[in-house]
Amino acid sequence: MKFDLDELLKFAVEKGASDVHITVGVPPIFRMNGQLVKINDIERLMPDDTAKLVESIMDESTFAKYKDRGEVDF
């Protein structure tokens, strides 16, 4: 199952997640009750998937930091 960002965030809220971790090569990981949880029926994110998700929610400055560092926490 693949998600766009709105669907991913709705899914996270439905599951009671406080955080969503987006990383290339693995499915999104949710923090639920302090634990990191993988949802097995979500496909792993490929580089293009990840870039589209994060670019759609970052301002230019944050996206520049992401491109420079390879990660950003926001």
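**Q** Can you help me understand the pairing of strand β2 (residues 29-32) in this one?
**A** The sheet contact formed by strand β1 (residues 19-21) and β2 spans three bridges and is antiparallel. In the strand pairing of β2, V20 is matched with F30. Where β2 hands over to strand β3 (residues 35-38), the hairpin turn is made up of two residues, of which N33 adopts a positive phi near 55°.

**Q** I would appreciate a short explanation of the nonpolar core in the present structure.
**A** Considering soluble globular proteins, one finds that nonpolar side chains tend to be buried as a cluster. Within the largest apolar cluster, 11 residues are counted, these being L5, L8, F11, A12, A17, F30, M32, I39, I42, L45 and L53. With four residues, helix α1 (residues 5-15) is the largest single contributor of residues to this core. The contacts of M32, once residues within four sequence positions are left out, are K15, G16, A17, V37 and I39.

**Q** In this structure, what is going on with the sheet that holds β1? I would like to understand it.
**A** Pairing between sheet strands relies on hydrogen bonds along the backbone, with the strands arranged either parallel or antiparallel. What the three strands build is an open sheet, ordered β1-β2-β3; its pairing is antiparallel. The two strands at the open ends of the sheet, each matched to only one other strand, are β1 and β3. This sheet shows a mean twist of 30° between the axes of neighbouring strands, independent of strand direction. Strand direction decides the pairing type here: β2 and β3, joined by four bridges, are antiparallel. In the strand pairing of β3, I29 is matched with K38.

What counts and how
Residues numbered from 1 in each chain as written. Predicted model: local features only at pLDDT ≥ 70, side-chain atom pairs only at ≥ 80, totals over all residues. Heavy atoms only, no water. Pairing = 2+ DSSP bridges. Helix = DSSP H or I, 4+ residues; strand = E, 2+ residues; numbered from the N terminus. Core = buried A, V, L, I, M, F, W, Y, C linked by side-chain atoms within 4.5 Å. Buried < 20%, exposed > 50% of the residue type's maximum accessible area, 1.4 Å probe, protein only. Contact = heavy atoms within 4.5 Å. Axes fitted to C-alpha atoms, helices over the stretch in contact; angles between N-to-C directions.

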